[in-house]
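Take a look at the letters that make up each chain.
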Amino acid sequence: MVYTQMVGSIRCHIVSDGRQLSDGGGFFGLVPRVLWERVIRPDEHNRIPVALRSLLIESDAGLILVDTGQGDKLGEKEWRRLGMAPRRQRLVGDLRALGIEPEDVDVVLLTHLHGDHAGGATCWSSPEDPASPIAPTFPRARYLVQRMELADASFPNERTRGTYFPDNWQPLQAAGRLEVVNGGQRLARGVRSETVPGHTDSIQAVWVEEGGESLLFLGDTCSWAAHLERLAWVPAFDTDPMQSIEGKRRLRAIAQERNSLLVFQHDGQVVTGRLVEGERGPVVEAEISEKAWE
Ligand SMILES: [Zn+2]
């Protein structure tokens, strides 16, 4: 399902690489299951549905794609671990439904290099052949990545090794397609990124702003709506939980003041929403929802 949102005159599309199943404890960290299971009911293996959403922006600097999902370069074992059926070109299929071919994409902004965001950045050049050379999925695009993120990914530690896979960015470097940037960027008229450390040291959120309207693609700075309502709810994956909390506090205040449309990248239920003042602080009022379990 593709959702199209206008921000002023800027057309944005929420597209998807499908959904995976992840252990609920990963996304809810220290929060006891008796609390988070009121937000999302886990299956019998304690897994929750996790969306793999991307944002496509039709900007005056061309088509900008934010993140690329898991992609297709996974083996039997990985598909099983993610609770996914092996599939091909899920995200590219969503783009094609919009009449966009991979070679039409001008910029790919990778919020960070974790496998569920950068996996689809590259693909096997023969789609069914894992032994074929790995190539950029979007052959004409400039791929933007933060300098610190590339360093973290290139020299992972025991805790981050399981999600940083060189096949997701080295072929981009080899093809001269990877552009290393430092800090927030103005990508086009009304489109900018900012770094919001916490999940990783230089993870990015993306703003689309025009004519008093704004959209905030939160990425993993706040991957579920419930995490924005309860600042202490921080995923176990985050490398610096206290920075995550401060980042969320800051973004939440800005987004509430501006009545921004929030896009949640991984939330299994809430696709978009806006902040309204509830009895005990800001709450997310969903605008687009999806069924958690189908
Ligand atoms: Zn993620």
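Cut-offs used in this document
- Residues numbered from 1 in each chain as written.
- Predicted model: local features only at pLDDT ≥ 70, side-chain atom pairs only at ≥ 80, totals over all residues.
- Heavy atoms only, no water.
- Donors = N, O, S within 2.8 Å, 3.2 Å for Na, K, Ca; no water.
- Tetrahedral: all angles 85-135°; square planar, octahedral: opposite > 155°, others 65-115°.
- Buried < 20%, exposed > 50% of the residue type's maximum accessible area, 1.4 Å probe, protein only.
- Helix = DSSP H or I, 4+ residues; strand = E, 2+ residues; numbered from the N terminus.
- Expected span 1.5 Å × (residues − 1).
- Arc of directions from axis to C-beta.
- Pairing = 2+ DSSP bridges.
- Axes fitted to C-alpha atoms, helices over the stretch in contact; angles between N-to-C directions.
- Phe/Tyr/Trp six-rings, centres within 6.5 Å; stacked < 30°, edge-to-face > 60°.
- Lys NZ or Arg CZ within 6 Å of the ring centre and 35° of its normal.
- Contact = heavy atoms within 4.5 Å.

S.K.: Got a minute to help me understand the coordination of the zinc ion in this structure?
M.R.: The protein atoms donating to the zinc ion are Asp116 (OD), His117 (NE2), Asp220 (OD) and His266 (NE2), with metal-donor distances spanning 2.0 to 2.3 Å. Coordination geometry of the zinc ion: the four donor atoms subtend angles of 83 to 167 degrees at the metal centre, consistent with an arrangement described as irregular. Looking at Asp116, the relative accessible area reads 15%, which means it is buried. The class of Asp220 is buried, set by a relative accessible area of 5%.

S.K.: Even after reading the chapter, I still don't get helix α9 (residues 241-258), so can you show me in this structure?
M.R.: Residue pairs three or four apart in sequence face the same way in an α-helix, which turns once every 3.6 residues. The end-to-end C-alpha distance of α9, which contains 18 residues, comes to 26 Å, matching closely the 26 Å that a straight helix rising 1.5 Å per residue would cover. Every buried residue of α9 is listed here: Ser244, Ile245, Gly247, Lys248, Leu251, Arg252 and Ala255. Down the axis, α9 shows its buried residues gathered within 160 degrees of arc, on one side only. Along α9, exposed side chains directed more than 90 degrees from the buried face belong to Met242 and Glu257. At the exit of α9 stands Asn259, carrying a positive phi of roughly 55 degrees.

S.K.: What exactly am I supposed to notice about the sheet that holds strand β13 (residues 213-217) here?
M.R.: Pairing between the strands of a sheet is mediated by backbone hydrogen bonds and can be parallel or antiparallel. Pairing within the open sheet is mixed, and its seven strands lie in the order β10-β11-β12-β13-β14-β15-β16. Looking at strand neighbours, the two that pair on one side only are β10 (186-188) and β16 (281-289), the edges of this open sheet. Neighbour to neighbour, the strand axes of the sheet diverge by 25 degrees on average, direction disregarded. In this structure, β10 lies alongside strand β11 (residues 191-195), joined through two bridges in antiparallel fashion.

S.K.: I'm lost on the packing of aromatic side chains in this one. Help?
M.R.: Each aromatic ring pair is summarised here by two numbers: the centre-to-centre distance and the angle between the ring planes. With the rule as written, the count across this model stands at six aromatic pairs. Centroid distance Phe28 to Trp233: 5.7 Å. Interplanar angle 90 degrees. Geometry classified as edge-to-face. With Phe28 in helix α1 (residues 24-28) and Trp233 in the loop between α8 (225-229) and α9, the pair connects residues that are 205 residues apart, well separated along the chain. Like Trp233, Phe28 is buried. Cluster of aromatic residues (ring-pair linked, three or more members): Phe27, Phe28, Trp36, Trp224, Trp233 and Phe237. Above the ring of Trp233, the side-chain terminus of Arg230 is found at 4.5 Å from the ring centroid. Above the plane of the ring of Trp207 lies Arg258, whose end atom (NZ or CZ) is 4.9 Å from the centre.

S.K.: What exactly am I supposed to notice about unusual backbone geometry here?
M.R.: With phi around 70 degrees, Asp67 is a residue other than glycine that occupies positive phi space. Among the structural elements, Asp67 can be located in the loop between β4 (62-66) and α3 (76-81). Positive phi is not limited to glycine here, since Gln89 has a value of about 55 degrees. Along the chain, Gln89 turns up in the loop between α3 and α4 (90-97).

S.K.: Help me understand the sheet that holds strand β9 (residues 178-181) in this model?
M.R.: Strand order in the open sheet formed by seven strands is β1-β2-β3-β4-β5-β8-β9, with mixed pairing between adjacent strands. The two strands at the open ends of the sheet, each matched to only one other strand, are β1 (3-7) and β9. Each adjacent strand pair in this sheet contributes to an overall mean axis angle of 25 degrees, direction not counted. Direction of pairing for strand β8 (residues 142-146) relative to β9: parallel, over a ladder of four bridges. When the sheet's bridge partners are listed, Gln146 is paired in β9 with Val181. Taken strand by strand, α4 contacts β2 (10-23), β3 (47-59) and β4, and its axis lies near 155 degrees from that of β2. Across the sheet, helix α6 (residues 147-154) touches β8 and β9, and the angle it forms with β8 is around 80 degrees.

S.K.: Explain the pairing of strand β12 (residues 204-210) to me, please; I cannot follow it from the model alone.
M.R.: Each regular strand carries side chains that alternate between the two faces of the sheet. The element β12 is extensively covered by neighbouring structure, given that seven of its seven residues are classed as buried. With burial as the criterion, each face of β12 is covered, one bearing Gln204, Val206, Val208 and Glu210 and the other bearing Ala205, Trp207 and Glu209. Bridge count between β11 and β12: five bridges; the pairing is antiparallel. Along β12, the bridge assignment pairs Val191 with Val208. Here five bridges tie β12 to β13, and the two strands are oriented antiparallel to one another. Bridging from a neighbouring strand, Glu210 pairs with Glu213 of β13. Here β12 folds back onto β13 in antiparallel fashion, the turn holding two residues, of which Gly211 has a positive phi close to 55 degrees.

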